[in-house]
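# Chains, contacts and geometry: an overview
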Amino acid sequence: MRAILTTIAQRVRRRGPRSRGQSLVEFALILPVFLLFFGAVLDLGRVAAAQVTVTNVAREAAFQAAQTPSDFDNTTGCPADGSSNRVICRALLEAQGSPISIAPADITLTCSPTCATGLGNRVSITVVGHFSLVTPILATFFNGNQDIQFTATSTHQVRTMPPPPSAAALPTPTPTASATATPTPTATSPACTLPSAGFTYTASPSTLKVPVTVTVQDTSTSTSCGITSWYWVIERNNSVWWFSSDQSPSVPTLGTPGTYKITLTVTNAAGNNTSGAVEIKVTG
């Protein structure tokens, strides 16, 4: 019995070094395949992020172009102070830190029919983003190219702020002479005065972490004449992010961290008035 156990132990000892060596060879063969697969999975996530980024860049640039369609020059970059070429500045700012590269020449602006202020004039921004794959696996889905492009277009109405209507002239009573008639006082409506702009809002969740849902409700008043128009504006980081001329608009979800400032301008026959700004600081 002792001789049998001794023989088994000797065979196990002899096999040990060969088994470890075989494992190292198998690991060396599998490692490149595993790394290639891991790189393909990483590339797939980067492709999805690149598509979303290009779409967001086109949307942000179109929001700015709706405010300043003439402040656009894709032959130059964004100045240090951002005081001009604001459409390009907003696009490049949105693309920072993303897996794509966008140059000013990759951004084009078109208007239909014109870029002038007026109802029916629309501005479109088209953005081409450049993206490079890490591994060649996904390149088979892009005609064998590892350097690929993503394109997105966003269109908005050129901002139109209707001029306040002129105050309607009140009728002037014409007195009639009569020796015996007693003058009858004529009732006149009180003069139209500027409206008082105001609104309430709710933001959810209360932590103000993205995404944040905001609802607004108009509380403006006009004592002697009716309100004829409402104009909501939301600025993000001191740039116009969204606007609406509805009295009870549906506010888009605040999906990017930053400071959002909400104001409301209301107009009646006497003129317009703007509410105080409400700031919502959204975190990531």
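Residues numbered from 1 in each chain as written. Predicted model: local features only at pLDDT ≥ 70, side-chain atom pairs only at ≥ 80, totals over all residues. Heavy atoms only, no water.

As a further point, take the layout of surface pockets. Its boundaries defined by the atoms lining it, the largest pocket holds a volume of some 370 Å³. Taken together, 18 residues line the largest pocket, and the ones lying closest to its centre are Gln64, Arg90, Leu93, Asn237 and Ser239. Those elements that provide at least two residues to the lining of the largest pocket are α1 (2-67), α2 (86-95), β6 (229-236) and β7 (239-244). Of all the elements, α2 adds the most residues to the lining of the largest pocket, at six residues. Among the residues making up the lining of the largest pocket, the classes are represented as five nonpolar, seven polar and six charged. Here the second largest pocket is characterised by a volume of approximately 240 Å³. If you trace the second largest pocket, you find 13 residues lining it, with Gln157, Tyr231, Phe243, Ser244 and Ser245 closest to the centre. (1 Å grid on protein atoms, 1.4 Å probe; cavity = no way out; pocket = protein on both sides within 12 Å on 5 of 7 lines; lining within 4 Å. Points joined across faces, edges and corners; volume = space filled by probe spheres on them. Helix = DSSP H or I, 4+ residues; strand = E, 2+ residues; numbered from the N terminus. Nonpolar A, V, L, I, M, F, W, Y, C, P; charged D, E, K, R; others polar.)

In this section: the pairing of strand β5 (residues 213-218). The side-chain alternation of β5 yields one buried face, formed by Val214, Val216 and Asp218, and one unburied face, formed by Thr213, Thr215 and Gln217. Here strand β4 (residues 199-204) pairs with β5 via six bridges, running antiparallel. Note on β5: the bridge partner recorded for Ser204 is Thr213. (Buried < 20%, exposed > 50% of the residue type's maximum accessible area, 1.4 Å probe, protein only. Pairing = 2+ DSSP bridges.)

Attention now goes to the side chain of Asn121. Among the structural elements, Asn121 can be located in the loop between β1 (107-112) and β2 (122-132). Judged by relative accessible area, Asn121 falls into the buried class, the value being 10%. Side-chain polar atoms of Asn121 contact the side chain of Thr114, separated by 3.4 Å. Sequence-distant contacts of Asn121, that is, excluding residues within four places in its chain, are made with Ser112, Pro113, Thr114, Ala116, His156, Gln157 and Val158. (Polar contact = N/O pair within 3.5 Å; in protein donor to acceptor, adjacent residues only side chain to side chain. Contact = heavy atoms within 4.5 Å.)

A word on unusual backbone geometry. In this structure, Pro113 follows Ser112 across a cis peptide bond, with omega equal to -5°. Here Pro113 is to be found in the loop between β1 and β2. Unusually for a residue other than glycine, Leu208 sits at a positive phi of about 60°. With respect to the element layout, Leu208 can be found in the loop between β4 and β5. At Asn237, a position not held by glycine, the phi torsion is positive, near 55°. Secondary-structure assignment places Asn237 in the loop between β6 and β7.

Of all 10 residues in α2, seven are buried, a share of seventy percent or more. Note on α2: the residue one or two positions beyond its end, Gly97, has a positive phi of about 75°.

Attention now goes to the state of the cysteines. Evaluation of the coordinates by the stated rule reveals three disulfides. In this model Cys111 forms its disulfide with Cys115; the gap between the sulfur atoms is 1.7 Å. Torsion about the S-S bond of the Cys111 and Cys115 cystine: about 95°, corresponding to right-handed handedness. Take Cys111: its relative accessible area is 22%, and that puts it in the partly exposed class. Note on cysteine connectivity: Cys192 is disulfide-linked to Cys225, with sulfurs 1.7 Å apart. Taken together, the residues span a long stretch of sequence, with Cys192 in the loop between β3 (147-157) and β4 and Cys225 in the loop between β5 and β6 at a distance of 33 residues. (Disulfide = S-S within 2.5 Å.)

A separate point is the pairing of strand β9 (residues 271-274). Where strand β8 (residues 258-268) lies against β9, four bridges are found, and the strand directions are antiparallel. Counted as the bridge partner of Thr265 is Thr274 from β9. The turn linking β8 back onto β9 is made up of two residues.

Let's shift gears to the pattern of salt bridges. Side-chain pairs of opposite charge can arise whenever the charged atoms involved come near each other. Tallied over the entire structure, the rule returns six salt bridges. Arg236 serves as the salt-bridge partner of Glu94, at 3.5 Å between the closest nitrogen and oxygen. One end of the pair, Glu94, is in helix α2; the other, Arg236, is in strand β6, with 142 residues separating them in the sequence. With respect to burial, Glu94 and Arg236 carry one shared label: buried. Among the ionic contacts, a cluster of salt bridges with common partners joins Arg59, Glu60, Arg90, Glu94 and Arg236. (Salt bridge = Lys/Arg side-chain N within 4 Å of Asp/Glu carboxyl O.)

Time to look at the sheet that holds β3. Sheet strands line up and pair through hydrogen bonds in the backbone, either parallel or antiparallel. Pairing is antiparallel across the open sheet formed by three strands, whose spatial order is β1-β2-β3. Sheet topology places β1 and β3 at the edges, where each strand pairs with a single neighbour. Going across the sheet, the axis of each strand differs from the next one's by a mean of 20°, ignoring polarity. Where β2 lies against β3, 11 bridges are found, and the strand directions are antiparallel. Note that in β3 the partner of Arg122 across the bridge is Gln157. (Axes fitted to C-alpha atoms, helices over the stretch in contact; angles between N-to-C directions.)

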